[in-house]
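Single-letter residue listing:
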Amino acid sequence: MKLSFAALALSSALTSSAASAFVSPSRSIPAAFVPRTVGTVGTVGADAAAVDVAAPRATRTELNMADVLKLSDPNEELLNDVDVFIFDCDGVIWRGDSLIDGIPETLAKLRAMGKKMFFVTNNSTKSRRGYKGKFDSLGLDIPAEEIFSSSFAAAAYLEQTKFNESGKKVYVIGEVGIGEELDLIGADWFGGPGDKGKEPDMGKGGRLEHDADVGAVIVGFDREINYYKIQYAQLCINENPGCEFIATNCDAVTHLTDAQEWAGNGSMVGAIKGCTGREPTVVGKPGPLMIDYLADKLELDKSRICMVGDRLDTDVLFGTDNGLRTLLVLSGVTTEEKLLGPENSIAPDYYSDTINDFFMEVPANVEQ
């Protein structure tokens, strides 16, 4: 049975009354949910002309990076003016499979203050149900309706654009998360983990046959990426008329372990860009799909939402491009040197070492 896009917002994990209030099945989804196609930052394709995109905040060309302030008085600078926090996960809540010290206590304090929180990750390897399991395994009791992943965003995009009505199929480069979310909308898909270890025939006269009915290729993070998958994807995109190229995100690096950074989905997306000459539609951060979803469903004032993340080119840009307040944490991939360095052009409103600094002690002599 095909689920509506509104119903997609609730997986079978969302059975609480709070979840029922989160999404009204009778409400339609605005056209603004169609995300931007990657290109010049801040531009919107002609097919999304109706989208009201907030003007980006100042970047380095307009602002001396020395003016980017480190959080020093959280109440005055942040907490008093923010009702909703959107947290990235990798590098903010955890690193790899290790919870960052102090996070449970900080989240509990924010809830006690009445702050709403959402957890938005560009990592597509898990579905929302899968991420709920990860939060639980780390001892964090996070309601499922507060969790959003780029695997969900990919399925939501297809549902919004009525892809299923085309009768076409989806080819997936990625892990189980994308497939689980596609199953919820009844999409006809293949690839993903099923193409692990496959090798094309590259002997004399060898060729890889592909399905001419594939109308979309989704590229997400895939630890089993191989030449077969790359070749299959490029054949679909290059040879199937109208085939869409969708990327869950273009992150350069990711946190697979807490010991070092690992090549991210940008490397997989880059491989497909290189052999097709096509730019993907990016459904994860910094695109607007997930924030438009939250703002529409919960009638949120974007000026009182703060995006908190560890990446400049996804998390902070997600905030600045969509009219949110922004705070960069140094607990993930971005160093203070990189933030304040001459090559950086993306400026958050504030930065801090971790989100635990939201409740730092403020010296009595700090001027209010």
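Heads up: the structure comes first, above all this text.
Here we summarise the structure given alongside this text.

1. Some details on the overall build of the protein chain
Thinking step 1. Within the protein chain, the secondary structure is distributed over 12 helices and 16 strands.
Thinking step 2. Evaluated residue by residue, the protein chain yields a buried proportion of 51% over its 368 residues.
Thinking step 3. Sequence separation of at least 24 residues holds for 73% of the intrachain contacts in the protein chain that already meet a minimum separation of 6.
Thinking step 4. Accessible surface for the protein chain amounts to roughly 15900 Å². Of this, 49% is attributable to carbon and sulfur atoms.

2. What about the nonpolar core?
Thinking step 1. Ranked by size, the top nonpolar core spans 33 residues in total, and within it Ile-86, Phe-148, Leu-158, Leu-182 and Ile-218 carry the most contacts.
Thinking step 2. Secondary structure elements with two or more residues in this core: strand E2 (84–87), strand E5 (116–121), helix H6 (150–160), strand E7 (169–173), helix H7 (176–184), strand E9 (214–219), helix H10 (289–298) and strand E14 (305–309).
Thinking step 3. Beyond its immediate chain neighbours, meaning those up to four positions away, Ile-218 contacts Ala-154, Leu-158, Val-170, Tyr-171, Val-172, Ile-173, Ile-178, Leu-182, Ile-246 and Thr-248.

3. Concerning the packing of aromatic side chains
Thinking step 1. Scanning the entire structure with this criterion turns up 14 aromatic pairs.
Thinking step 2. An aromatic cluster is present here, built from Phe-85, Phe-87, Trp-94, Phe-119, Tyr-131, Phe-135 and Phe-358 joined pairwise through their rings.

4. A short note on the sheet that holds E9
Thinking step 1. Sheet architecture is open: 5 strands sit in the order E8-E7-E9-E10-E13, paired in parallel fashion. On the outer flanks of this sheet lie strand E8 (189–191) and strand E13 (281–282), each paired with one strand and no other.
Thinking step 2. Of the strand pairs in this sheet, E7 and E8 are connected by 3 bridges, and their pairing is parallel. Bridging across to E8, Tyr-171 finds its partner in Phe-190.
Thinking step 3. In the packing of helix H9 (residues 265–276) onto the sheet, the strands contacted are E7, E9 and strand E10 (244–247), and the crossing angle to E10 comes to about 160 degrees.

What counts and how
Residues numbered from 1 in each chain as written. Predicted model: local features only at pLDDT ≥ 70, side-chain atom pairs only at ≥ 80, totals over all residues. Heavy atoms only, no water. Helix = DSSP H or I, 4+ residues; strand = E, 2+ residues; numbered from the N terminus. Buried < 20%, exposed > 50% of the residue type's maximum accessible area, 1.4 Å probe, protein only. Contact = heavy atoms within 4.5 Å. Areas by Shrake-Rupley, 256 points an atom, 1.4 Å probe, with all protein chains shown as cover. Core = buried A, V, L, I, M, F, W, Y, C linked by side-chain atoms within 4.5 Å. Phe/Tyr/Trp six-rings, centres within 6.5 Å; stacked < 30°, edge-to-face > 60°. Pairing = 2+ DSSP bridges. Axes fitted to C-alpha atoms, helices over the stretch in contact; angles between N-to-C directions.

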